[in-house]
Amino acid sequence: MHFDLIVIGMGLSGLMAAKTAAEMGKKVLIVGKGLGTLSILSNTIDVLGVLPETVKMKDGLSQWIEEHPEHPYGKVGLEKILEAISSFNSFFPPPYAFQSRNETNSLVPTGAGTLRSTYLIPSTMMKGITLKEKKALVIGFKGYKDFYAHRLADSFKCRAITLSLSETPQQETTATALARWMEQPAFRERIASEIKKQIKDESLVGFPAVLGLNDPMGVKRDLEKKTGASIFEIPVLPPSIPGMRVFNRFKQRLIQKGVTFLLGHSVSKVILRGNRCEGIEILHPPVVNSYSADRHILATGRFIGGGLTADRKKISEALFGLPVVQPASRQDWFQKTFFSDPSHPIHQTGVLVDSSFRPLNEKGEVLLENVRVAGTILAHHHCIEEKSREGIEISTGYVAAQKALSM
Amino acid sequence: MKIQTEVLIIGGGATGAGISRDLSLRGIPSLLVEKGDFLSGASGRNHGLFHSGGRYAVSDPEAARECIEENRIHRKIAPHCIETTDGFFVSLPEDGLEFRDRFLKACEKAGIPATLLTRDDALALEPGIHPDILSAVKVPDGAIDPFTLVLENARDAEKNGAKFLLHTGITSLDMEGGRVKGVRAKDLIHGEEYSIEASYLINATGAWANQFLRLAGLRIGMALSKGSLLITNQRMSHRVINRCRPSSDGDIIVPNETVSILGTTSVRSEDVENFEVTPEEVDLLILETSRMIPKIKETRLIRAYAGIRPLFQSEEQDDDRSISRGFALIDHGKRDGVENLITITGGKFVTYRLMAEKVSDLLCQKMGISVSCSTHLKPLPGAGKYPSLPERLKKMGHLISPEKGEILCDCELIQRAEVERFLKEEKVKGLQDILHRTRLAKGTCQGGFCIYRLLGLLHDLRMAEGDSNEVLKGFLEERWRGIRPVLWGTALKEEELLESIYKGIFNLGP
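Residues numbered from 1 in each chain as written. Chains lettered and ligands numbered in written order. Predicted model: local features only at pLDDT ≥ 70, side-chain atom pairs only at ≥ 80, totals over all residues.

Before going further, it helps to examine the overall build of chain B. Along the backbone of chain B there are 15 helices and 22 strands. Counting only C-alpha atoms and orienting by the principal axes, one finds that chain B spans roughly 65 × 60 × 45 Å. Counting all 510 residues of chain B, 51% fall into the buried class. (Helix = DSSP H or I, 4+ residues; strand = E, 2+ residues; numbered from the N terminus. Buried ≥ 20, exposed ≤ 12 C-beta atoms within 10 Å, placed from the backbone.)

Shown next, in the form of structure tokens:
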């Protein structure tokens with residue numbers, strides 16, 4: 001089968017690229033072996049969390065771009081970053097929307113009892129930013145080992161209660177299982193009445209971020225009606241239910257737009273001719289399926305996603321074998337302490353691209369003229385420290401697709 | 001606070017705990033002071049080899065004889081701490097057979113049962129070893145659990161009246177007329193100060209021996225040798241695999257439950273507190289041990305660690321491996337005119353009991369009493385509980401049950417109820433103590449997930465002390481020392497995940 005564009009990688013950058021191309025009326029194939037870090041690490045939309053809450057995102061980004069021309073944001077440019085974010089937002093109309101407070105970063109409470117600076121916050125987490133000003137009750141669940149309500153209560157000087165899932169004591173549960181429980185009206189009825197019994201003068205009630213996969217705002221509003229308190233979600237250890245919601249929304253909308261969606265498939269081979277990529281092969285033992293396209297986007301992520309791999313000697317790009325900028329030896333990949341400032345040089349490694357997101361070699365020459373590279377696999381950012389993961393994914397996915405198709 | 005004791009033991013390694021038990025069985029009261037937890041030094045940082053003595057048969061026959069003797073004793077007194085795997089000494093083509101023949105003779109002389117196996121017989125028993133081996137010699141090596149062994153020595157000693165002060169450092173000595181009258185000590189966690197009067201002092205601080213002696217203005221000849229080791233994510237062989245050649249870097253693979261430990265290097269060190277495993281050591285250990293088991297090259301490593309061996313030297317010697325691994329018992333009365341002070345250092349983990357016996361004998365002589373040692377006859381408290389592997393497996397079959405709550409540690413399958421029971425029953429003073437006494441954080445993720453859960457549990461139980469995020473950060477730094485040297489491949493993926501969780505989702509920073 002032939003496509004206008006093949007997107008390799010189904011994390012947020014790949015999904016954004018597929019969205020952008022589909023909205024340009026193109027025939028798109030997106031292939032991914034998993035959901036990228038979306039379902040693991042993404043709760044809110046970080047753009048540049050290192051900015052103080054007093055600075056408008058636009059101003060902060062513009063200064064950042066000036067100071068970091070090599071950074072993916074430097075290559076995207078301010079205007080396109082903002083365009084990309086509104087394109088992302090178009091998939092999330094209210095009630096479940098992603099919003100900022102006054103176009104600045106805000107501090108959301110986390111599962112470690114810390115506050116974390118982020119930009120766009122899903123409607124289910126919004127009330128969390130008022131935690132410091134209001135009296136709150138944090139809800140934990142027996143048998144759910146990835147969230148400890150009393151730990152949060154000790155940090156935030158508020159109260160916590162632990163509810164049981166069912167009459168069966170000591171049942172082990174997970175975030176995904178809890179999200180399904182939450183979608184059952186009878187379960188909500190039971191926990192809401194338990195909360196009503198135990199709540200004192202608290203006006204806020206915090207839950208781990210498991211308020212259902214499909215209709216989190218429906219779950220939130222129902223619990224608010226039943227308890228009389230404002231409900232908010234708190235980001236927890238992976239997996240991320242909010243991240244899965246984003247994925248599910250993209251999947252549904254992209255399929256509606258006619259995108260061919262191949263989840264759970266990995267590309268076994270890329271077909272190259274000269275400085276062009278002609279297509280990909282996907283191995284389904286014993287069958288090999290081939291797909292061809294005029295243009296390709298590589299959005300396979302870093303080490304977790306499998307876009308980058310490392311052996312004892314060097315770091316490589318896994319699919320095309322593109323050059324990866326990296327320190328001279330393994331000795332220099334990491335700092336001596338875990339919490340070091342500046343952080344580990346390995347996080348700055350990645351694929352170099354030109355202004356049109358085509359991969360470059362060490363001499364600065366374009367290696368593949370119809371391949372664009374997007375997402376965290378790009379060099380010269382430090383998305384963990386900068387808190388820029390989703391912003392980089394959204395904006396580079398958006399721009400890479402535009403550049404690919406404007407040829 | 002003022003404390004009086006007959007004997008003061010300084011150091012809570014295998015030797016200190018062994019002395020404590022030996023004295024308690026002889027009815028002599030003692031107090032043991034340790035600045036960290038039990039096994040904070042070399043006792044908790046070795047390859048866990050239950051020596052047959054084979055490794056010393058050629059180079060140090062006396063040490064070899066001590067080893068095989070202790071090997072026999074511990075099979076009786078501590079069977080539950082030992083996995084009797086046997087060991088192979090494999091000869092590779094480049095090693096030739098000349099050393100093997102000397103080795104066989106030396107084993108016979110030292111009383112170590114050694115059987116020569118052909119290449120085919122050895123490969124049938126250990127299919128993972130290099131097919132090019134010339135032959136293998138089987139000896140009664142095994143794997144030992146240093147943590148259980150030392151803690152059981154301490155528990156038995158405590159039952160017989162011995163006392164312990166952990167996390168307590170010695171700050172100064174009171175000397176009076178050729179004797180140490182007492183010491184001043186400080187609780188390093190809560191700051192309480194102690195003045196301890198003792199009739200006799202035993203310096204069992206291992207690599208820290210000179211740091212303690214400095215307080216008395218004394219010094220002994222000692223070399224510090226760093227030995228680095230790697231832990232694989234899976235068990236590479238059933239038996240201990242040694243290289244049949246003169247001791248060298250990377251010549252041993254010791255199985256330990258579900259993993260294997262690759263050792264070791266020997267690098268002269270000056271600092272007993274700050275040392276790291278270098279990338280060169282990691283590469284060397286992989287290169288050398290994969291000569292014996294080729295699959296090691298592709299196997300994921302979960303951690304690197306190093307211990308400092310205290311090697312006693314009577315005069316300057318350059319090659320650390322030529323210094324005897326035998327121990328040194330120093331009567332500072334004879335040597336320096338300090339009548340009531342004894343230093344014991346050097347030696348090997350496996351000979352801790354013998355070292356304790358010799359110290360206690362010397363002490364009895366000084367005290368003018370005659371009570372004989374019984375540690376070689378009396379089994380440790382846990383002995384006999386799970387005497388055989390099938391019985392241990394049977395117990396494990398019931399290990400996981402829904403009533404015990406959620407599995408906090410997915411790698412080592414530890415359930416909430418077990419941790420809760422442990423926290424309520426044991427006297428622990430912080431995260432490191434907990435980690436020394438459970439298998440939490442010992443698996444593939446090295447505590448990346450379960451420590452967060454453990455800290456949460458402490459809050460649930462209202463047992464959390466201080467800022468849990470500071471404790472968590474401290475743990476992640478300590479963990480970093482172990483995993484940083486082995487980060488590539490799958491381990492690097494997991495590292496990126498954990499960093500994204502702790503620095504990303506949870507926003508913990510420097």
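Next comes the rest of the write-up.
Turning to the overall build of chain A, a few remarks are in order. A tally of regular secondary structure across chain A gives 12 helices and 19 strands. Seen through its principal axes, chain A has C-alpha atoms that stretch 70 × 45 × 40 Å. A burial count over chain A gives 49% of its 407 residues as buried. At a minimum sequence separation of 6, the contacts of chain A that also span at least 24 residues come to 67%. (Contact = placed C-beta atoms within 7 Å.)

What follows is about the environment of Phe 334 of chain A. Tracing the backbone through its elements, the reader meets Phe 334 of chain A in the loop between β17 (324-325) and β18 (350-351). Residues Phe 334 of chain A and His 347 of chain A, spaced 13 residues apart in sequence, show a C-alpha to C-alpha distance of 9.0 Å. Look past the residues within four positions of Phe 334 of chain A in its chain and what remains in contact with it is His 344 and Ile 346 of chain A together with Arg 484 and Leu 487 of chain B.

Attention now moves to the domain arrangement of chain A. All names here are of chain A. Examined at the domain level, chain A breaks down into domain 1 (2-95 + 244-405) and domain 2 (126-234). One C-alpha centre belongs to domain 1, the other to domain 2; they are set 35 Å apart. The partner domain 2 presents 4 residues to the 5 residues of domain 1 that form the contact. (Domains from an automatic or database assignment.)

Next up on the list: the packing of helix α1 (residues 14-26) of chain B against helix α5 (residues 146-159) of chain B. All names here are of chain B. Between α1 and α5, the least distance of the axes is 8 Å, while the angle of their chain directions is 30°. The orientation of α1 with respect to α5, classified from their angle, is roughly parallel. Here α1 runs over α5; the crossing is left-handed. Facing α1, whose interface residues are Ala 14, Ala 17, Gly 18, Ser 20, Arg 21 and Ser 24, α5 presents Pro 146, Val 150, Asn 153, Ala 154, Asp 156 and Ala 157. By residue class, the composition of the contact of α1 with α5 is 6 nonpolar, 4 polar and 2 charged. (Axes fitted to C-alpha atoms, helices over the stretch in contact; angles between N-to-C directions. Parallel < 35°, antiparallel > 145°, perpendicular 65-115°, else oblique. Left-handed = near helix turned anticlockwise from the far one by under 90°. Nonpolar A, V, L, I, M, F, W, Y, C, P; charged D, E, K, R; others polar.)

All names here are of chain A. For helix α10 (residues 241-256), with 16 residues, the first-to-last C-alpha span of 23 Å sits near the 22 Å given by 1.5 Å per residue. Taken together, the buried positions of α10 are occupied by Ile 241, Pro 242, Gly 243, Arg 245, Val 246, Phe 247, Phe 250 and Leu 254. Within two residues after α10, Gly 258 carries a phi angle of roughly 90°, on the positive side. (Expected span 1.5 Å × (residues − 1).)

Residue and element names in this part refer to chain B. Along its sequence, chain B is carved into domain 1 (2-42 + 147-221 + 325-367), domain 2 (82-143 + 224-312) and domain 3 (399-505). In this structure, domain 2 and domain 3 have C-alpha centres spaced 30 Å apart. At the level of elements, α7 (279-292) and β18 (301-312) are the ones that each hand at least two residues to the side of domain 2 that touches domain 3. Looking at the side of domain 2 that touches domain 3 element by element, the count peaks at 5 residues for β18. Grouping the constituent residues of the side of domain 2 that touches domain 3 by class yields 8 nonpolar, 1 polar and 3 charged.

For the rest of this paragraph, the subject is the nonpolar core. Counting 261 residues, the largest nonpolar core has Ile 297 of chain A together with Ile 202 of chain B as its most contacted members. Non-local contacts of Ile 297 of chain A, meaning those with residues more than four positions away in its chain, are made with Leu 5, Val 7, Ile 8, Ala 17, Arg 372, Ala 374, Ala 400, Ala 401 and Ala 404 of chain A. (Core = buried A, V, L, I, M, F, W, Y, C linked by C-beta atoms within 7 Å.)

Residue-level contacts link 40 residues of chain B with 35 residues of chain A. If you list the elements that add at least two residues to the side of chain B that touches chain A, you get α7, β21 (407-409), α13 (450-460), α14 (468-483) and α15 (489-505) of chain B. Of all the elements, α15 of chain B adds the most residues to the side of chain B that touches chain A, at 11 residues. By residue class, the composition of the side of chain B that touches chain A is 18 nonpolar, 10 polar and 12 charged.

Residues and elements named next belong to chain B. Across chain B, the average pLDDT comes to 92, with 95% of residues at 70 or higher. Below a pLDDT of 50 lies the segment residues 315-319, which in the model reaches 3 contacts outside its immediate sequence neighbourhood of four places, other chains included. In the predicted assembly, ipTM is 0.97 and pTM is 0.92. (pLDDT = per-residue confidence, 0-100.)

This part takes up the sheet that holds strand β3 (residues 49-50) of chain B. Read across the open sheet, the 3 strands follow the order β3-β8-β4 (chain B); overall the sheet is antiparallel. Edge positions in the sheet fall to β3 and β4 (82-83) of chain B, since each of these pairs with one other strand and no more. (Pairing = 2+ DSSP bridges.)

Residue and element names in this part refer to chain B. Counted residue by residue, strand β16 (residues 259-263) has 5 buried out of 5 residues, so it is predominantly covered. Side-chain alternation along β16 places Val 259, Ile 261 and Gly 263 on one buried face and Ser 260 and Leu 262 on a second face that is also buried. When strand β13 (residues 222-232) meets β16, the two strands line up antiparallel, connected through 2 bridges. Residue pairing across strands places Leu 230 opposite Leu 262, the latter belonging to β16. Between the end of strand β15 (residues 252-256) and the start of β16, which pair antiparallel, lie 2 residues, with Glu 257 showing a positive phi angle near 45°.

Here the focus is the pairing of strand β1 (residues 2-10) of chain B. Of the pairings in the sheet, the one linking β1 of chain B to strand β12 (residues 193-203) of chain B comprises 8 bridges and is parallel in character. In the strand pairing of β12 of chain B, Thr 5 of chain B is matched with Ala 198 of chain B.

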